[in-house]
Each structure stands twice: as structure tokens, then as C-alpha cells.
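What follows is each chain in one-letter form.
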There are 2 protein chains.
Amino acid sequence: MVEVKAASDEPTRLAEIIHPLFADQARGWSSRLDNGSSTRLLAGVPAQDDCAVFGLLGDQELVLGSDYVRGPKFQLYELGHLNEYDIGYYLAIANFSDIAAMGAHPIALLSVIRYPKHMPDDVFSQVMEGVRDACASVGAPNVGGDIGTAERLILSASAMGVVEPGRSLRRNGARPGDLLYITGPTGIAAAAQLYFSKMASTGATRRDGMEEELIGAWKRPKALVRHGRCLSRSGVVTSCQDSSDGLKAGIQTIATLSGVGFLVEEDTLPIADVVAEVAKLGGADPVAMVLGDSVDFQLVFTVAAEAQSRLEEELAAGGLSFHRIGVATEERAVMLRRLDGMLQDLPGVEWRHSA
Amino acid sequence: MVEVKAASDEPTRLAEIIHPLFADQARGWSSRLDNGSSTRLLAGVPAQDDCAVFGLLGDQELVLGSDYVRGPKFQLYELGHLNEYDIGYYLAIANFSDIAAMGAHPIALLSVIRYPKHMPDDVFSQVMEGVRDACASVGAPNVGGDIGTAERLILSASAMGVVEPGRSLRRNGARPGDLLYITGPTGIAAAAQLYFSKMASTGATRRDGMEEELIGAWKRPKALVRHGRCLSRSGVVTSCQDSSDGLKAGIQTIATLSGVGFLVEEDTLPIADVVAEVAKLGGADPVAMVLGDSVDFQLVFTVAAEAQSRLEEELAAGGLSFHRIGVATEERAVMLRRLDGMLQDLPGVEWRHSA
């Protein structure tokens, strides 16, 4: 027996799924920056208008970016390890991570969700519930976007944030002598992909909780808004970006745009146990996995050396993790000092260069 | 002989196609609202940062929306009447039209362009050139977005605008007695689709220039920013939205959200010659084509009756077109008075309800 599930048309979905899901996020939403400037949502999803409307009082910087995510083309979705809720959640976090990396306070998501005509309402709802809950995790409302049909599920979004004037974090301000940091371990997302596509079915016994930890990087990624806000407020962070193209790509981008090089110390790179475990299972270099094109949404940033202890204290006071992993150099090369003292180029897969 | 054309990877396209195309739009871009508040682009595409950054000085309302467009799935693209430049252009205008309908001054586009891996650089460039030129037509920069591969060309974008506090145009303010307007003739986009899919190949002689006029609605749509700004500044426009879901849908949405009805007068509806011609060729009711689900980016709006002459003078002074087509009623029905005096429901295809 085939169960027939409703696939409502677009106006019906707007009225019966989207509006109820996002009405609470819109109701009375407002936020205030440290300089007293404020942002208030005047018209969100329930207003059913051409656009969302925010009232902005006082000077501020507005940051905005867009990320399309492969979503249903994620290998881990195709393998059945992620569901529609997960990829909706992921879409929103991938976008908010860029806001976090600018040091901004997220104020809005616009989500573009196109779906095959016969996708049932309950599956569509799951995508939107993932979007809603990820928005809730950073305290910003989903204020609109676009829904409608397409040949397959397509997920794209834009996120906006505000930050005190002069306090947005850029990629181009690192100077020689600045210290290089990462907020937490990277490589977990890549390890998850490797593990579930190549190793999970081999039947060997794994540590309890290992698979959950790996898949968690994809199911419930975090946008490090509190980190970003702390780095922005400190006034001493000279560059920042998220590690969504991989840690190596992040370091190289800051190097290129700032006109510096970096010396990264292997012995200070945080390596999650699961990454070490998967690398061992696969006979791979865990450092290459940590530096390569894994999508982990950590923040990589630089700080003037004289401000190091103050910043570390501020992060610690907020309960926020950090790892000092290197130093910016006059010499423009980006190098890794291995445990044995040898210098080499950073290992790991480059960012998105076509094969 | 097969000509091999380069299909560069993403970092190369960013550096060699995107940045050169959009550097000029970013350089020194700023704008000022009537209340003295201003917006300045601090970091656009050339900054290569996680997000674009605007400096906002003074109180303002921020409006933002997203539109995905079918683009390569447009029937007229599939038939060879639109090219990649055209659908890039269309993407940006579809998004800016929503900003225009809010009465806002557009400040930014974020464009999400995903493409098949083997799409040559020159074809990708054509899409981006269309985006660039459409942005130039409204004086706002394309400040970022996302590029990368997908199974096919996917086009989505978000647009942002700013407007003086309290001056954004909404859909919910029409009151009984308000007069209903449209900025210009609708139905041309639908007539184009009908003509090129069903009639163009029949070989009959057409009026010179007719085909160009029809396809022009798709190739070079206009976002009516000057209209929207004039309506916002007037302070007497009680509701507004664009006609991108069709004129009938626009009127019905304003009716529903404002809690009024409308009486539309057939003898005042602007009917473009090409629409009348295509309707005649196809034996169709031109009024149904004008009201149906054609995508024309006109603005439909209401004005308090006592302010009618002042608003009409202001529009005329700006050289801006308008047509008074009806009146808002206490009775919540939306009706059309035909030329013979008979009242009927609005004819024309409903908006996007699934077949």
C-alpha cells in the first residue's frame, strides 16, 4: 500500500507551513549593539510582503553574504546519514558562520528552498524546521526568502548581521609578528566523509560515540557568533575568517590578502581524537586532514602579539575555546614546522580546485 | 572540430572574471537618503571577504528579499530566445523589483550562480555581465554571493535597499475608498511566452517590431525604482507590491492583507498593443492576459482618494507612468466591471497554484 502524502502548492505552504513556523521568531525581534545602535524587525515572514523590513537606529556596519549548499548532493545525505532537517539546519549555519567570522551580530536569514513538485508537505516542513532551529541557535529570525518548485531540492540562503562601526573583522589586516589562532579542532567534517564513505561498512569495532561525534559535525554545526563578537569587541584582532574552505585555505587567504606569510607549528595544531582515529584507520596523515578542505566552521584569526594575553583572557572569561597555532611572518610563504623541526608547505587538499 | 573552451576552477573565476567585472561597481559606492542618513560600501567583491560590509550612518529602514529564478528552465531560454546574459540580467531585476516595490533605494545584490562543471568561462562571464549591467541599471553594486559547480545552471539572489524611517511601502495599508493604480501595462511577458511557444512558427506575417517588443519583457525587464521612490516620498501611498505574480494576484494580495475588496474597471486597464495582438491571434481574452500570472514587474498600489491629484502630479513631474484602474471597497470581494457593465470575478490564471 502506498501512503499518499500531501504536496501542497506554494501559497498553501506559505500560509500553512512557513508562517506558523516563523511567526514566533519575528514577533518583537530586536537587538542592540554596544554603541547603543539598535535593529528592530518591522516586517518578517508573517507580513507576507515583497521584502522583510528592519528599522535601524544609529550608526552601524551591515554585513551580508550568501551561501548555496549542496544539501541533497552531500555525500552523507546520499548515503542516508543526513536527513532533510539536517540539511536545512546546515544551510542556515553555513550562512551564519560567515556573519560570525565578520564579528557581527546576526539579524536575519533569507532562505531559498526549491523542491521537487511531489515532495510531501512533511518533508518540506522538516527542511524548514531545520532552518528555524539553526536560526534559533544564533538568535536571529528567518525573515523571508523564496520557495517554489524545481527539479530537485535546492538550498541557498543569505545572512545579514550588524556590528559596531569600525569593528567588522576582515581578512586583510594581519601584520608580521601577529599570532595565529584557531577556535577549535578542524578536519572532523572531512573525517566523517572519509569514514562513512569508505570505512563504516568494514565491520570493525569502533569506539563508542565515535560515529555520533563524526556525523555531528554535519548534523549540528555551530556558527561561532559568541567567538566572533568577542574577537570584534577586543579591538585587537587584525584578521578573521571561518574555516569553511579548510584551515589551510583560510590561512592562505589571510596571508595573500594581508601580504604576510605564516609559520604554523604542528605541535600546537588541535587534533580531535576522532580525526586521529579516522586517520589511523585510513593510514592518512592527521595533520593533512586538519589542514585540508574540511568544512568545520571554526574561526581562524590573528592578533597583535602585544595584545595576546588580554585577548586570551577575554576569550577564557567568556568560556570560549582557542588554540594558538602559529605566527605571521614578513616572508610571504605559508609553512608548517613538523614535530621533527622540518619545514614544509602546508599539507592537505587545496580548496575547490577542480580535479 | 570541437573547439575547447576553458572552464576554470572557482578560485580562478573569482580572481579573473568576478573581481574585474565588479571592481568598478564597488569603488567608492555610497548613497544618501532624504533624511540625511547614508550608506557606504566598505567591502564589496574585491575585498574577497566572508561578507560584504556597508557603513550605515543615521536612522534608516533596511529592506531585503530573495528571488530564485528558473533561468535556464525558462521556456523562452529553452526555445533559444534568451541567452545566458539575458537570464543573468533577469535574475538581478527580479530581485531589485521587490526593493522598488517597497519604495526603497537599492544598495546591494548578492548573486548565487552555480554552473555545470564544464560551462566555459565565456558563458559564465555572460551570466555575470548580465548581472552587472542589471545592477548598473538601478545604480546598486553586486557585492558578493556564491559561485561554484552544480548539475546545471542555478540562479538565485538577494537584494537589499534602504528607505527613510516609516516610508517603506507595505501591502496591508489599503482602506476602502483608496484608488488603485498600476504603473504600466501587464501581460506582455505572458503574451511573449504564448506567442513564441505556440504562434511564432506558424509563418503568418506579423507587425514589424512585435517580436522584439514581446521578447524585450524577458530580455531587459525594468525594476521600477524611480516609481517606488516617488511613491514612498509622497507619503500618501497606502499599499504597494510588484506585479511579478500577476496583476490579479497583486490586487488580491493587497485586498487580503488590507482587509478590503476592489472594483477594477476594464475600460481603464492598460492593454499593450502586443498583448491585444497576441490575444487576437490566439482567440484569447486580452483582459485575462493582462490580469493573469504574467511576470511584468510593474507596481500595483493604492492611494488615499483625497491625495489622488497631488500624487498624479508628482508622478507626472517625474515623467513616471501610471494608470488608475479601480477603487478599494468595504465589501471584500475583488471584482471586474466589464465594458458592458457586468460584474465578474477577475479573469486570468491564478498565481502558481499547482495544476
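Please read all numbers here as calculations on a predicted model, not as lab measurements. (Residues numbered from 1 in each chain as written. Chains lettered and ligands numbered in written order. Predicted model: local features only at pLDDT ≥ 70, side-chain atom pairs only at ≥ 80, totals over all residues. Heavy atoms only, no water.)

Visitor: Explain the relation of the copies chain A and chain B to me, using residue names and the numbers behind them.
Guide: Once chain A has been moved 0.0 Å along the axis and rotated by 180 degrees, it coincides with chain B to within an RMSD of 0.0 Å. Both copies of the chain, as the preceding transformation shows, are related through a two-fold rotation axis. Every residue of chain A has its C-alpha some distance from the rotation axis, and the shortest such distance is that of A:Gly58, at 2.5 Å. Of the interface residues in chain A, 100% have counterparts in chain B that sit at the interface too, so the contact is made through matching surfaces. (Least-squares fit on C-alpha atoms with pLDDT ≥ 70 in both. Contact = heavy atoms within 4.5 Å.)

Visitor: Mind laying out the sheet that holds strand E4 (residues 60-69) of chain A, listing which residues take part and the relevant values?
Guide: With mixed pairing, the seven strands of this open sheet are ordered in space as E6(A)-E5(A)-E7(A)-E4(A)-E3(B)-E2(B)-E1(B). Both outer strands of the open sheet, strand E6 (142-149) of chain A together with strand E1 (30-32) of chain B, are each paired with one neighbouring strand and no more. Geometrically, the sheet is characterised by an average inter-axis angle of 15 degrees between neighbouring strands, direction not taken into account. Sheet topology note: the E4(A)/strand E7 (residues 154-163) of chain A ladder contains nine bridges and is antiparallel. From the neighbouring strand, A:Tyr68 faces E7(A), where its bridge partner is A:Ser156. Together, E4, strand E5 (105-115) and E7 of chain A form the strand contacts of helix H3 (residues 84-101) of chain A, whose direction differs from that of E7(A) by roughly 35 degrees. (Pairing = 2+ DSSP bridges. Helix = DSSP H or I, 4+ residues; strand = E, 2+ residues; numbered from the N terminus. Axes fitted to C-alpha atoms, helices over the stretch in contact; angles between N-to-C directions.)

Visitor: A description of the sheet that holds strand E4 (residues 60-69) of chain B should follow, citing residues and the corresponding values.
Guide: The strand order across the open sheet formed by seven strands is E1(A)-E2(A)-E3(A)-E4(B)-E7(B)-E5(B)-E6(B), and the pairing between neighbours is mixed. With partners counted over all chains shown, the strands left at the sheet margins are strand E1 (30-32) of chain A together with strand E6 (142-149) of chain B, one partner each. Pairwise comparison of adjacent strand axes, ignoring direction, gives a mean angle of 15 degrees for this sheet. Bridge analysis of E1(A) against strand E2 (residues 38-43) of chain A gives three bridges, and the strand direction is antiparallel. For A:Ser30, the partnering residue across the bridge sits in E2(A) and is A:Arg40. The sheet contacts of helix H3 (residues 84-101) of chain B involve E4, strand E5 (105-115) and strand E7 (154-163) of chain B, and relative to E7(B) the element is tilted by about 35 degrees.

Visitor: I'd like a description of helix H5 (residues 188-199) of chain B, backed by residues and values.
Guide: Here H5(B) has its buried residues at B:Ile188, B:Ala189, B:Ala191, B:Ala192, B:Tyr195, B:Phe196 and B:Met199. The buried residues of H5(B) occupy an angular sector of 160 degrees when the element is viewed end-on, so they sit on one face. (Buried < 20%, exposed > 50% of the residue type's maximum accessible area, 1.4 Å probe, protein only. Arc of directions from axis to C-beta.)

Visitor: So what's going on with the pattern of salt bridges? Residues and values would help.
Guide: The tally for this structure, following the rule as stated, stands at 40 salt bridges over all chains. Across the salt bridge formed by A:Asp34 and A:Arg233, the nearest N and O atoms sit 2.7 Å from each other. With A:Asp34 in the loop between E1 and E2 and A:Arg233 in helix H7 (residues 225-234), this pair connects stretches of sequence that are 199 residues apart. The class of A:Asp34 is partly exposed, set by a relative accessible area of 49%. Across the salt bridge formed by A:Arg152 and B:Glu151, the nearest N and O atoms sit 2.5 Å from each other. (Salt bridge = Lys/Arg side-chain N within 4 Å of Asp/Glu carboxyl O.)

Visitor: Requested: an account of H3(B), with residues and values cited.
Guide: Residues and elements named next belong to chain B. The first and last C-alpha atoms of H3 sit 26 Å apart over 18 residues, in line with the 26 Å expected at 1.5 Å per residue. Counted residue by residue, H3 has 18 buried out of 18 residues, so it is predominantly covered. With a side-chain oxygen positioned 3.1 Å from the backbone nitrogen of Tyr85, the residue opening H3 is Asn83. Trailing H3 by a residue or two, Gly103 shows a phi angle of about 80 degrees, which is positive. (Expected span 1.5 Å × (residues − 1). Polar contact = N/O pair within 3.5 Å; in protein donor to acceptor, adjacent residues only side chain to side chain.)

Visitor: Explain the domain arrangement of chain A to me, using residue names and the numbers behind them.
Guide: Residue and element names in this part refer to chain A. The domain boundaries assigned to chain A delineate domain 1 (10-163) and domain 2 (179-198 + 209-345). Using only C-alpha atoms to locate each centre, domain 1 and domain 2 end up separated by 27 Å. On the domain 2 side, the residues contacting the 26 residues of domain 1 number 23 residues. Overall, the association of domain 1 and domain 2 removes approximately 2,100 Å² of surface from exposure, summing both partners, and the carbon and sulfur fraction of that is 62%. It is Leu76, Tyr90 and Ala101 that lose the most area in domain 1 upon contact with domain 2, and together they represent 25% of the buried surface on that side. Scanning the region where domain 1 abuts domain 2 turns up three salt bridges. Among the ionic pairs, Asp86 bridges to Arg220, the shortest N-O distance being 2.8 Å. Joining domain 1 to domain 2, the criterion identifies six residue pairs in polar contact (both at pLDDT 80 or more). Residue assignment for the side of domain 1 that touches domain 2 shows that the elements contributing at least two residues are helix H2 (75-78), H3, E5 and E7. Looking at the side of domain 1 that touches domain 2 residue by residue, the classes come out as 18 nonpolar, five polar and three charged. (Domains from an automatic or database assignment. Buried area = accessible area lost by both parts, 1.4 Å probe. Nonpolar A, V, L, I, M, F, W, Y, C, P; charged D, E, K, R; others polar.)

Visitor: Tell me what's going on with the UniProt feature "binding site: Mg(2+) 3" (unreviewed entry) in chain A, and back it up with residues and numbers.
Guide: On the UniProt side, "binding site: Mg(2+) 3" (unreviewed entry) is annotated at positions that read A:Asp50, A:Asp98 and A:Asp242 here. A maximum C-alpha distance of 31.7 Å shows the annotated residues, which cover 193 residues in sequence, to be distributed over more than one spot. Turning to its location among the elements, A:Asp50 is positioned in the loop between E2 and strand E3 (52-57). Classification of A:Asp50 by relative accessible area gives buried; the value is 11%. Setting aside chain neighbours within four positions, we find A:Asp50 in contact with B:Asp98, B:Ala101, B:Met102, B:Arg171, B:Cys240, B:Gln241 and B:Asp242. Within the local environment of A:Asp50, its side chain forms a polar contact with the side chain of B:Arg171, the two groups lying 3.0 Å apart. Judged by relative accessible area, A:Asp242 falls into the buried class, the value being 2%. (UniProt positions renumbered as here; feature names shortened; annotations may be inferred.)

Visitor: Now, about the interface of chain A and chain B: what can you tell me, with residues and values included?
Guide: Counting from both sides, the interface comprises 63 residues of chain A and, opposite them, 63 residues of chain B. Summed over both partners, the interface of chain A with chain B comes to about 5,300 Å²; 53% of that surface belongs to carbon and sulfur atoms. For chain A, the biggest contributors to the area lost against chain B are A:Asp50, A:Leu64 and A:Tyr68; these three give 13% of the whole. If you look at where chain A meets chain B, you find eight salt bridges. Scanning the region where chain A abuts chain B turns up 21 residue pairs in polar contact (both at pLDDT 80 or more). Here the element with the most residues in the side of chain A that touches chain B is E4(A); it accounts for nine residues. Of the residues that constitute the side of chain A that touches chain B, the class distribution is 30 nonpolar, 14 polar and 19 charged. For E3(A) and E4(B), the ladder comprises five bridges, and the chain directions are antiparallel. Across the sheet, A:Leu56 pairs through a bridge with B:Gln60, a residue of E4(B).

Visitor: Talk me through the packing of aromatic side chains; I want residue IDs and the actual numbers.
Guide: This structure, assessed with the given rule, holds 20 aromatic pairs over all chains. Plain terms: the ring middles of B:Tyr90 and B:Trp218 are 5.5 Å apart, the flat faces sit at 15 degrees to each other, and that makes the pair stacked. Of this pair, B:Tyr90 sits in helix H3 while B:Trp218 sits in helix H6 (residues 210-219), and the two are 128 residues apart along the sequence. When sorted by exposure, B:Tyr90 lands in the same class as B:Trp218, which is buried. With a centroid separation of 5.1 Å and 85 degrees between ring planes, the pair formed by B:Tyr195 and B:Phe196 is classed as edge-to-face. Site record: aromatic cluster; members linked through ring pairs are A:Phe74, A:Tyr90, A:Trp218 and A:Phe297. (Phe/Tyr/Trp six-rings, centres within 6.5 Å; stacked < 30°, edge-to-face > 60°.)

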